[in-house]
Each structure stands twice: as structure tokens, then as C-alpha cells.
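So you can see what is in the structure, the chains are spelled out below.
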There are 2 protein chains.
Amino acid sequence: MPVLSMNNIKSITLLAFTIVLLNGCTTVRGTGDLGVVIERATGSVQVVDTTQRTSLKQVNGLGDLSHASIVYSRDARYAYVFGRDGGLTKVDILKGEISKRVIQGGNSIGGAISQDGKLVAVSNYTPGGVKVFDANTLELVDDIPAIYGKDNQQSKTVGLVDAPGQRFVFSLYDAGEIWLVDYSGAKAQITKYKDIGLQPYDGLITPDGRYYIAGLFGEDGLALLDLWHPEKGVKRILNDYGRGTQKMPVYKMPHLEGWAMTDDYAFFPAVGRNEVLVMDRRNWKQVKKISVHGQPVFVMARPDGRQVWVNYAFPDNDTVQVIDTDKLKIVKTLKPGKAVLHMEFTPRGEHVWISARDAGKVTIYDTDSFNALTSLPMAKPSGIFFTNRAHQIGL
Amino acid sequence: MPVLSMNNIKSITLLAFTIVLLNGCTTVRGTGDLGVVIERATGSVQVVDTTQRTSLKQVNGLGDLSHASIVYSRDARYAYVFGRDGGLTKVDILKGEISKRVIQGGNSIGGAISQDGKLVAVSNYTPGGVKVFDANTLELVDDIPAIYGKDNQQSKTVGLVDAPGQRFVFSLYDAGEIWLVDYSGAKAQITKYKDIGLQPYDGLITPDGRYYIAGLFGEDGLALLDLWHPEKGVKRILNDYGRGTQKMPVYKMPHLEGWAMTDDYAFFPAVGRNEVLVMDRRNWKQVKKISVHGQPVFVMARPDGRQVWVNYAFPDNDTVQVIDTDKLKIVKTLKPGKAVLHMEFTPRGEHVWISARDAGKVTIYDTDSFNALTSLPMAKPSGIFFTNRAHQIGL
């Protein structure tokens, strides 16, 4: 039997305390001012703090993040990362570690979390369709193959969003369909809208969750579904919107998710043209075109709607411009670095974080003075996602 | 020198771990699904979990909470509780304890937190004016006496809200003025709007932070300040709105903060009449009156704008009604218990929590089925505040 002195016992006890403190208790903090930045080159993410404007932790092992997106659990503790390799990873942002990871498909391109926070849905290019997982365990709870046509083909699915009433909405790229899936009952109810247009390539839902809009790659115009009146079916809006008859080279199709909606207007990126289009939100008619620096990719409203920030496709992707939504004109041009890929506003809009992939940094700007406050080094940063998304419909 | 066996050492170490786990690490959790309910009779609050639908902790010693309200720190960890006795208490909702408490005035009636989360402002009946505190330390950083008139009288201040651009807005009840205070520079800049109407008794700011609206007790109509154009001054809207020429007994002045705004309409509580008024948001003109069960107090929109929930003044305060904002008519009448004081929607709107003071409970309803899911016992519950308010302008 070994003999130990009290000093030794005290040391062991102190060590035990210290280990626990280092492992667990350093993560006692609120999660309202946290976020995650995708590092696409290294398959990692950085957990960031928007109050201190710092990076807290790096989490590795998330696979191919070349076109990744994120949704948050309703407690704002877990980030669900959808990777290009079909990986679905649940990251504990408090501990800075992977909580669970599954390879759910061959090639996923986005996901959504249900209104009640219990279901995570993933849309896939390969093999197509949508898979639905338990948000807690990541166990598969539903599989929705996107079968269409006489030959029962599988379609790629795109533009997957959550909607109020425990619903998901997505588009079938190959089939030209929009599907509405309702999980409010005991079993999923699927409503299929056919012939909505050629090659829907992305979708968005308005911030109130009422209108789902799919962009069309194969023809001009947009497909709109009013979720307050799903029985009325899909209608076509903005018939002139798209690549047009005189096809311009399109360096990058604009993202739909970020489309800016203010009280009066919706601001849309033109396709293949150096323009931001301004629409009246009540009738979806075009009010104005604003000439901009390049082909717009993201057109995002500051949370108070007073400004719209725009980034551009290659070769103009070192630039960001700010549109004053009252004057409807550009008031600022910034150069955050090479290959600006994404922008994210702090929840109440005082700052914006901008990722510049080839510059290897994320820069934080004051949105009133346009001053750069600081930059954080990152490995080819792309998407930036703050935890307030946990509380928003369709994000 | 005492001799201890290895088993004893293991026990001591285990004990050490357990103590640390119980004291600190139980509070490692996200704060996105937390909230606080005011217990007005006992000067306490309960910290609640909207995912598990339970109460986690009770925090005592907050003074007179007979007309209390709350704002949140930007990390969603701290609730700033404004008590009727002038107490300003910073509650750590993760630990369930008071972090700091000061008596800042004689009779406070509400507060706000700045866009950057660094300043907490409190409005006072006695002695009047607004005091501004460091959100971290609760040290006084500015004192704004609400002096007016030839005799340099002090006015009660009401309707204090935060606005984008690091600003606060409030009204002077006795002076009939609206003051706009700008903290974006090194020193506060105050702009005073005089003669805005008789006895402004409360104020609201639209969810985008653009329009500040003060309700008038002394005359009909509302005072509106467009914060995108503060140089244009305050104008009067809805000249028929108020108690009218044939004064009805008003059992409780309606709260302004909760006024429901959907894309198309604003829903207002009529003063002293059993009506909810529907206005066109673009021109502030009345579109419709909806007859309701009593004198409305709170008229609140579900986050997706699809429903508006209404509670009533005594003697009809056992009832809540739901208005369908598409059909513009009542679709449900509920009886949550005696003296319904407040309602709070979960961030994405699937549930609503309703406090019934005299029934001593908070009941949680599913907003689609209108089923009561559960009730939590509370000591005369009043205001309910969820942490997603941390990310919203004016809340």
C-alpha cells in the first residue's frame, strides 16, 4: 500500500479541479454573440466572438467545405455544417469540437432546420432527394427521393429552406418542380408543384416565411409560391429576370438566399449584368436598375434595411459596394481583399464581417463610418454565420 | 502524518470533480432558448427553457417588480431588469444569480440597451430624466435630466427605446417632447423635438428601427418621428386615434411596444374601445376595425405575421383572441386564466407563452393547433422575455 502525504493529496485534488476547469468550465458563456466561419481549404471552421471581434477556436475534420453552409440549433449551441462531400457535422461551438458527424449523401449542397428545431434536412445533388435527420442524434428519420417523370428518374434538389408550420420547401433542378413537405402531422405530407420552369437552381424564402421564390437557370423569370395560399399553386413573376435572350457570360450565378428585402423594396442581383434591380415588394414590379461595379453575387440588407451591401463575381470580386436604400444609389466602394465570398451583419447591424478567400482574412467594418475595425486571419474563408440565425425563419 | 489508501485518494478526487461539476459545469449550455419571466409579487424572476418548456431557476431579491421590463446583453447571457423601485439588476441567467444591482432612480419604468450592447439606459418617473450605465459594470456614464420650460422643470420620461446608429429615443410626458440622443460620437448629441402633443405616455419603434411613434394621453392622434429623416421633425398621424371626444372609461392604456406589424398592415389597440384597428403601413391610414372581446392591451404579431394575438383590460382580462391577418377576422378565443398580462412568442413562432397573474401560471400554446401544451406555476407572473430579443432593434 503506497503512503501519501497530505501535500500529495492536495496536489492531486488541485490537479483534478484544474483539469475540469480547463475542459468544461471555460465554456460557461452566452452563445448570442458567437458565430462560425467556414475555412474551405482546410475543412475546418473557426468559432468567432462578435463582441470581442476575435476567433475563439478552430474545429477540424469537417471534410470538403468547398460549398458549405450552416444552420443552428434553437439553443444556439450547435452548428450543423453541410459539406460538399455529403457530410453532415454537428459542431459544439461552446466546446469547439465535433459532437457528431455522418456522411449522409454523395454531394450535399445545403440544409435547413425545422421550426421546432427537431429535424435537420439536407438536399443532395448525388443521389438527389432530401434526407431528414434527428437534430439531436443525427439519426435518419426520413428519406425523400426526388423521383420524377415516366422513367422514375432522381433529381438534384436545390433551394431547400424551412418554412413556418414545421414545413420544408425545395426545388428539383432536373424536374422543374417545387416540393412542399409538411411535418406538422404524424407523417410527412408532400405537395408537388410541377412545370414551375426550367432548371430551378436556387431558392429563397422571404423573412416572414410567406413567399418561396425559385430562380431559373433554363429560362427567364422566377417561380413564386405563396405559402399562405399553397392551394393557388406556383406563379411566374419578373418575366424579364434572368440571362435574357442575348446571353451574357455569367461568371457566377447569383445567390438567392441573401436577397435584400426592406419595407418597400426587394433588391435583386441581375444575372450576368452589372446591375442591382429594385422591385416594389407589393407587386413584384421593377422600380429601378442601379449600375454597379460587377456581376452581383450577394445583395444583402443591413438588419435595419437602411443599406444594401453587394459583392461581385470574378474578376470584380475584390470589391464590395454599399447602396443607400433611401436614395437608391451607391454611397461607398470598399476593397476588402481578393475573392470576397460572403458578408454577415451582426444581429443589430452595427458591423459587417466580410470574408476574402484569397486574401486569407475576414475583415470587420463599422457600417456607419465604413472604417475597417480589425481583420482576422483565416484559411481561405468563405461563409460566415452568426448564431442569431437560430431564431430566424428560413436561415 | 496521516496514512491514506489509494481508495481514499480516489474518493477525494471524485468528490472534487463532483463539486466542480455541480457548481460550474451544469451551466455549460447555449442561451438561445432561454428566457425570463417576471414574478411581480415576490420580486423574483424565473429563468425558463423554451425547448424543454420548463423553469430552470428562480432568482430573488430584485425589488419591486410591479411594472418591470427586461433587455438582454448581446451575448444573451445577462438580463437587465428594470424595476418600479428604480432598481437596475443585472441577472446572470446561466448561473441563475444576481451579477450586479444598483438603485439608479426613484421610480423607473423601462429601459433599453444600445446597438453595440455597451450602454444600458433607464427612464425615470422620479426624479425624471434618463440615466445611462456601462452594461458591464453598471457604473453611471451619463445622466440626462429632462429639463423643460421656463422654470426648468423635470419631466417624467417614457417610451424609451434603442435605435440604429447607437441612438436612444424617448418622450417627455410632462413636456410634450421627444428627445433623440446619439452616442455614436465621443459625446452624446441630443436633439429635442418640442410641441409633439399632450402627455405622450408610451412609445414604440418599428422593427426596422425607422419610425418612432409616441401615443398621446392628453389628446387624439400619434406623434411620428422618421429616424431616416430626423431633420423633417415630428408629424402627427392617425388624428382620430385616441380616446376621442366622447371619452369612454379607459381601464388600462394600451401598451405600444407590442404593436403588430406585418408586411402590409399595422394592427393597433383602440383606446377605450373593444376594437383592434388595422392600418396600411405605407400611408398610416385606417383600413378596417375588428370588433374584439374587450379593451385591447397588447396586440402582438406571431413572428411570421400570419396571426395577431390580443389580450384585454379588466374585466375581460381572462381572455386572449387570435386574429388571422390574411382574413382580418378572429379565428380563436382562449381562456388562459385570470388576469392575462403578457404574451411572448418563441423566436420562430411555433409556441406562445401567456402569463395569467391571478391564476399563478404561465401556459404554453401551440400557435397552429391552439392546444395548451403545458403550464408552469409562477408567483403572479407578468412580463415574459426570451433571449432572441438580444438581437432585435428596439426590444
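Residues numbered from 1 in each chain as written. Chains lettered and ligands numbered in written order. Predicted model: local features only at pLDDT ≥ 70, side-chain atom pairs only at ≥ 80, totals over all residues. Heavy atoms only, no water.

Inspection of every chain in the model, using the stated rule, returns 34 salt bridges over all chains. Linking Asp324 of chain B and Lys327 of chain B is a salt bridge whose minimum nitrogen-to-oxygen distance equals 3.4 Å. Taken together, the salt bridges that share partners define one network made up of Arg29, Asp33 and Asp49 of chain A. (Salt bridge = Lys/Arg side-chain N within 4 Å of Asp/Glu carboxyl O.)

To find the voids left in a structure, one rolls a probe of water-molecule size over its atoms. Residue and element names in this part refer to chain B. Taken as a whole, the second largest pocket spans an internal volume of roughly 1,200 Å³. Lining of the second largest pocket is provided by 50 residues; of these, His67, Ile109, Asp202, His255 and Phe298 occupy positions nearest its centre. Of the residues in the lining of the second largest pocket, the class split is 26 nonpolar, 15 polar and nine charged. (1 Å grid on protein atoms, 1.4 Å probe; cavity = no way out; pocket = protein on both sides within 12 Å on 5 of 7 lines; lining within 4 Å. Points joined across faces, edges and corners; volume = space filled by probe spheres on them. Nonpolar A, V, L, I, M, F, W, Y, C, P; charged D, E, K, R; others polar.)

Once that is clear, we can look at the sheet that holds strand β19 (residues 211-216) of chain A. Residue and element names in this part refer to chain A. With antiparallel pairing, four strands are arranged side by side in an open sheet as β18-β19-β20-β21. Every interior strand has two partners, whereas the edge strands, β18 (200-205) and β21 (234-237), have only one. Here the average twist between neighbouring strands, direction ignored, is 30°. Summarising the sheet, strand β20 (residues 222-226) and β21 pair through four bridges and their orientation is antiparallel. Its bridge partner being in β21, Leu222 is matched across the sheet by Ile237. (Pairing = 2+ DSSP bridges. Helix = DSSP H or I, 4+ residues; strand = E, 2+ residues; numbered from the N terminus. Axes fitted to C-alpha atoms, helices over the stretch in contact; angles between N-to-C directions.)

Below, the discussion takes up the packing of aromatic side chains. Applying the stated criterion across every chain yields a total of 18 aromatic pairs over all chains. Relative to Phe370 of chain A, the ring of Trp309 of chain A has its centre 6.0 Å away and its plane inclined at 50°; by these criteria the two rings are tilted. One end of the pair, Trp309 of chain A, is in strand β27 (residues 307-312); the other, Phe370 of chain A, is in the loop between β32 (361-366) and β33 (372-377), with 61 residues separating them in the sequence. A single burial state applies to Trp309 of chain A and to Phe370 of chain A, both of which are buried. Measuring from centroid to centroid gives 5.8 Å for Tyr211 of chain B and Trp284 of chain B, while their planes differ by 85°, and the two rings are edge-to-face. Pair noted here: Tyr211 of chain B is in strand β19 (residues 211-216) and Trp284 of chain B is in the loop between β24 (275-280) and β25 (286-291), with a separation of 73 residues, a long-range link. A single burial state applies to Tyr211 of chain B and to Trp284 of chain B, both of which are buried. One aromatic cluster in this structure is built from Trp309, Phe345 and Phe370 of chain A. It is Lys90 of chain B that lies over the ring of Tyr78 of chain B; its NZ or CZ is 4.5 Å from the centre. Residue placement shows Lys156 of chain B over the ring face of Tyr125 of chain B; its charged tip is 5.0 Å from the ring centre. (Phe/Tyr/Trp six-rings, centres within 6.5 Å; stacked < 30°, edge-to-face > 60°. Buried < 20%, exposed > 50% of the residue type's maximum accessible area, 1.4 Å probe, protein only. Lys NZ or Arg CZ within 6 Å of the ring centre and 35° of its normal.)

This part is about the domain arrangement of chain A. All names here are of chain A. One can read the domain layout of chain A as domain 1 (57-247) and domain 2 (248-395). Using C-alpha coordinates to define each centre, domain 1 is positioned 22 Å away from domain 2. Contact with domain 1, which involves 37 residues of that partner, is made by 28 residues of domain 2. Between domain 1 and domain 2 lies a buried interface of about 2,600 Å² when both sides are counted; carbon and sulfur atoms form 68% of it. Across the domain 1-domain 2 interface, the total number found is zero salt bridges. Run the count over domain 1 and domain 2 and you get three residue pairs in polar contact (both at pLDDT 80 or more). Sort the elements by how many residues they give to the side of domain 1 that touches domain 2 and β18 lands first, with five residues. (Domains from an automatic or database assignment. Contact = heavy atoms within 4.5 Å. Buried area = accessible area lost by both parts, 1.4 Å probe. Polar contact = N/O pair within 3.5 Å; in protein donor to acceptor, adjacent residues only side chain to side chain.)

Here the focus is the sheet that holds strand β14 (residues 157-163) of chain B. All names here are of chain B. With respect to topology, four strands assemble into an open sheet ordered β14-β15-β16-β17, the strand pairing being antiparallel. With one partner strand each, in any of the chains shown, β14 and β17 (189-193) form the two edges of the open sheet. Each strand axis lies, on average, 15° off the axis of its neighbour in the sheet, ignoring direction. Looking at chain direction, strand β16 (residues 177-182) and β17 are connected through five bridges and run antiparallel. Counterpart to Val181 in the pairing with β17 is Ile190.

Residue and element names in this part refer to chain A. Relative to the elements of secondary structure, Asp64 occurs in the loop between β3 (54-59) and β4 (69-72). For Asp64, a relative accessible area of 34% puts it in the partly exposed group. Along the chain, Asp64 and Ala163 lie 99 residues apart, while their C-alpha atoms are 28 Å from each other. Once you skip the residues sitting within four places of it in the chain, Asp64 turns out to touch Gly83, Arg84 and Asp85.

Glancing now at the environment of Val122 of chain A. Residues and elements named next belong to chain A. Topologically, Val122 is positioned in strand β9 (residues 119-126). For the pair Val122 and Ala112, spaced 10 residues apart in sequence, the C-alpha separation works out to 6.7 Å. Residues contacting Val122, with those up to four places away along its chain left out, are Phe82, Leu88, Gln104, Ser108, Gly110, Gly111, Gly129, Val130, Lys131, Phe133 and Leu160.

Moving on, we come to the side chain of Asp304 of chain A. Counting through the fold element by element, Asp304 of chain A comes out in the loop between β26 (296-301) and β27. Among the residues examined, Asp304 of chain A registers a relative accessible area of 5% and is labelled buried. Residues within four places of Asp304 of chain A in sequence aside, it is in contact with Pro164, Asp208, Trp228 and Ile393 of chain B.

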